[in-house]
Number of protein chains: 2
Amino acid sequence: MSELRHDPVSRRWVIVAAERSLRPNEFQIARPVPPNDEPPCPFCPGQEAGTPKELYAVRDGDKANAPDWRVRVIPNKRPVLAIEGTLDRRGLGLYDRMRGIGAHEIVIETPQHKLRPFELPHLQFAAALTAARTRLVDLLKDSRFKYALLHKNYGQTAGATIFHPTQQIVATPVTPFSVATKLQTSRAHFHLKERCLFCDMIAQEIEDGSRVVQIDEHFVTFAPYAARFPFELQVYPRQHAHQFTGMGDRDIERLASHMLGVFSRLNTVLGDPPLNWMVVNAPNTETQFRRGGYWSTLEYDFHWHIEILPRLTPLAGFEWGTGFYINPTAPEDAAAFLRDAAT
Amino acid sequence: MSELRHDPVSRRWVIVAAERSLRPNEFQIARPVPPNDEPPCPFCPGQEAGTPKELYAVRDGDKANAPDWRVRVIPNKRPVLAIEGTLDRRGLGLYDRMRGIGAHEIVIETPQHKLRPFELPHLQFAAALTAARTRLVDLLKDSRFKYALLHKNYGQTAGATIFHPTQQIVATPVTPFSVATKLQTSRAHFHLKERCLFCDMIAQEIEDGSRVVQIDEHFVTFAPYAARFPFELQVYPRQHAHQFTGMGDRDIERLASHMLGVFSRLNTVLGDPPLNWMVVNAPNTETQFRRGGYWSTLEYDFHWHIEILPRLTPLAGFEWGTGFYINPTAPEDAAAFLRDAAT
């Protein structure tokens, strides 16, 4: 019989369909094929003149927009949100609208067009994450932005249009609904227990062990108890911290090393699946403090983490109609496969 | 510049990216190809012995499980939730679990294997919807079930595994999160205004007209103001009603005719796109009344409707990370294309 599981953070129920539990080789995986867009693509070295001017780069020389970069951050040429202007929020009968103000940046992780997530050299991936952190810190100084999402789309099924390895940053003028819900829950827990909900969850997962995939002194990755998707994972810093942007360079090197291990396990078990990963961060504290201190306990009651979502199964009407999910692979099974895999 | 729009029901923000507005011919649509599973499939007439025994059928003769049916409802052979047993809800440290109790039924819409949604004859589709309503009424007598979702998956991208035209019913022992949110909002509106939020929205949409796709005396279909997806549509009964299950046979015939018109327009404009549709219903009143009358005003403050979601674009990390959506086609543009299309 299947089981209904409740996620204590998002407050969603998930159906873990144990009877039809799918093994790694039973998914029809749309593998991210390197691509019709043979290099050079717009993100390859030498193509700098065709992109918007860079916002940040790691390079050996000192000439901006020269081709000697190792990591490069540029504005998206066709941003979903525009950086200039006022929000101009207004009603329209029952509805609300604002101008699409925000930021949309591309972090080019490496000059090499064809590297898959698990193939990035350790210090290269660390440099890309450090560049992303630097951009996030800068963006979040802007009080118009309530949230900034760092994420990666890998493979067409995961929404990528170009193969070249990139991360994306989108800064939004509203706190996203799903983040607000998570924050609400974790605050309620903190008020009740005077402990961080996520710290409690990490402790329980480590003690239980059945869903842990990889653990070291600083980070732990486990399959969440109420995972929505097969092989869904969460990466947590073991020490409490509410903002990814508070991470030092050395912390980020450790994170990069940990994540590469996890990507490697996913590749071993699932054979290079398409995936999304995203940093779940506390909302922009700067902004919130200015709004009357409502989020003043934020640093205690939120705990940043990373979600990794391999994209193995399509969503169907049931998911869209109810907002709850059917997971055909028990998180304990997924964790066992990944734990036993070579990195 | 793009626009941020707020949906008054789900309380989500959507980015309507007007500058990169995609026209119907610009989507890479994974068309539902009729299929490797050439008839007969398990749902075709003559294959009744291979399926679970039918729960309901419309047929000329009177022998159950004979091949002369016109519509047939069977339990799913591999249900995600099982009908027998108690919920046995319990904690597990921070987590909550229940046994996977519920119902999972298949409504076979027609004996004809290869009919696409817009090709179903009017009275055939009406008979299928009527059969579904009859099953919903029956299932909702069971006080273990808080919600029952009627939905359709059409095409692999939309989660269908067999081409034969079916609808699905899933009854769940909890009120789904997304339904609870919608209900919360519409109740707040009712308490404030003593009017139904949905009735207000319908009135505003009809008066404005720019997002209306199809309208007749009884039903209206429009592209919602904060549509998450290109060509997303909602179908509403114009007269207030909180439960789809309260619909009479004649109402359902009218609904079938209206929906076929909309499917036809989608086919004309997008060329047979994969899609999901689902009935958004009030939670199970029977159950709720027994729980102390909390939902006692349900019949005034909820308004059932149908969501139609063509599946044209993949979800990316931004959507997963924030729960808000980027819609590359303005709902007004989508509505204009569909309104002008032949049915």
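Residues numbered from 1 in each chain as written. Chains lettered and ligands numbered in written order. Predicted model: local features only at pLDDT ≥ 70, side-chain atom pairs only at ≥ 80, totals over all residues.

### Re the overall build of chain A
Piece 1. The number of helices and strands found in chain A is eight helices and 15 strands.
Piece 2. Compactness check: chain A gives a C-alpha radius of gyration of 20 Å against a globular reference of 20 Å for 343 residues, within 12% of the reference.
Piece 3. In chain A, which comprises 343 residues, the proportion classed as buried is 52%.
Piece 4. For chain A, the share of sequence-separated contacts (at least 6 apart) that also reach a separation of at least 24 residues comes to 71%. (Helix = DSSP H or I, 4+ residues; strand = E, 2+ residues; numbered from the N terminus. Rg over C-alpha atoms; globule rule 2.2 N^0.38 Å. Buried ≥ 20, exposed ≤ 12 C-beta atoms within 10 Å, placed from the backbone. Contact = placed C-beta atoms within 7 Å.)

### Digging into the interface of chain B and chain A
Piece 1. The partner chain A presents 61 residues to the 61 residues of chain B that form the contact.
Piece 2. Classifying every residue of the side of chain B that touches chain A by side-chain character gives 33 nonpolar, 17 polar and 11 charged.
Piece 3. In the sheet, strand β6 (residues 95-99) of chain A pairs with strand β1 (residues 3-6) of chain B via four bridges, with the strands oriented antiparallel. The partner of A:Arg99 across the bridge, within β1(B), is B:Glu3. (Nonpolar A, V, L, I, M, F, W, Y, C, P; charged D, E, K, R; others polar. Pairing = 2+ DSSP bridges.)

### Some details on the sheet that holds strand β14 (residues 305-310) of chain B
Residues and elements named next belong to chain B.
Piece 1. Pairing within the open sheet is antiparallel, and its 10 strands lie in the order β3-β4-β7-β9-β8-β13-β14-β12-β11-β10. Edge positions in the open sheet fall to β3 (56-59) and β10 (212-215), since each of these has one partner strand only. Taking each pair of neighbouring strands and ignoring which way they run, the sheet shows an average axis angle of 15°.
Piece 2. Across four bridges, strand β11 (residues 219-222) lies against strand β12 (residues 233-237) in antiparallel orientation. Bridge pairing in β12 links phenylalanine 222 to glutamine 234.
Piece 3. Running at roughly 35° to β10, helix α8 (residues 331-340) makes contact with β10 and β11 of the sheet. (Axes fitted to C-alpha atoms, helices over the stretch in contact; angles between N-to-C directions.)

### Things to note about helix α3 (residues 197-208) of chain A
Residue and element names in this part refer to chain A.
Piece 1. If you check α3, its first and last C-alpha atoms are 16 Å apart, about what 12 residues at 1.5 Å a residue would give, namely 16 Å.
Piece 2. All buried positions along α3 are accounted for by Leu197, Phe198, Met201, Ile202 and Glu205. For α3, the angular spread of the buried residues around the axis is 130°, confining them to a single face.
Piece 3. Each element contacted by the buried residues of α3 is listed here: α2 (177-193), β10 (212-215), β11 (219-222), β12 (233-237) and β14 (305-310).
Piece 4. Residue glycine 209 follows α3 closely and has a positive phi angle near 85°. (Expected span 1.5 Å × (residues − 1). Arc of directions from axis to C-beta.)

### Focus: the sheet that holds strand β2 (residues 13-16) of chain B
Piece 1. Across the sheet, five strands lie side by side as β5(A)-β6(A)-β1(B)-β2(B)-β15(B); this open sheet has mixed pairing. Sheet topology places β5 (90-92) of chain A together with β15 (325-327) of chain B at the edges, where each strand pairs with a single neighbour. Averaged over all neighbouring strand pairs, the angle between strand axes comes to 30°, with direction disregarded.
Piece 2. In terms of strand pairing, β5(A) meets β6(A) through three bridges, oriented antiparallel.

### Some details on the pairing of strand β7 (residues 103-108) of chain A
Sheet faces and side chains relate simply in a regular strand, where the side chains alternate between the two faces.
Residues and elements named next belong to chain A.
Piece 1. Counting buried positions along β7 yields six of six residues, so the element is predominantly enclosed.
Piece 2. Taking every second residue as pointing to the same face, both faces of β7 are buried, with Ala103, Glu105 and Val107 on one and His104, Ile106 and Ile108 on the other.
Piece 3. Pairing analysis gives four bridges linking strand β4 (residues 69-75) to β7, with the strands arranged antiparallel. In the sheet register, arginine 72 faces β7, and the bridge partner there is isoleucine 108.
Piece 4. Of the pairings in the sheet, the one linking β7 to strand β9 (residues 166-172) comprises six bridges and is antiparallel in character. For histidine 104, the partnering residue across the bridge sits in β9 and is valine 170.

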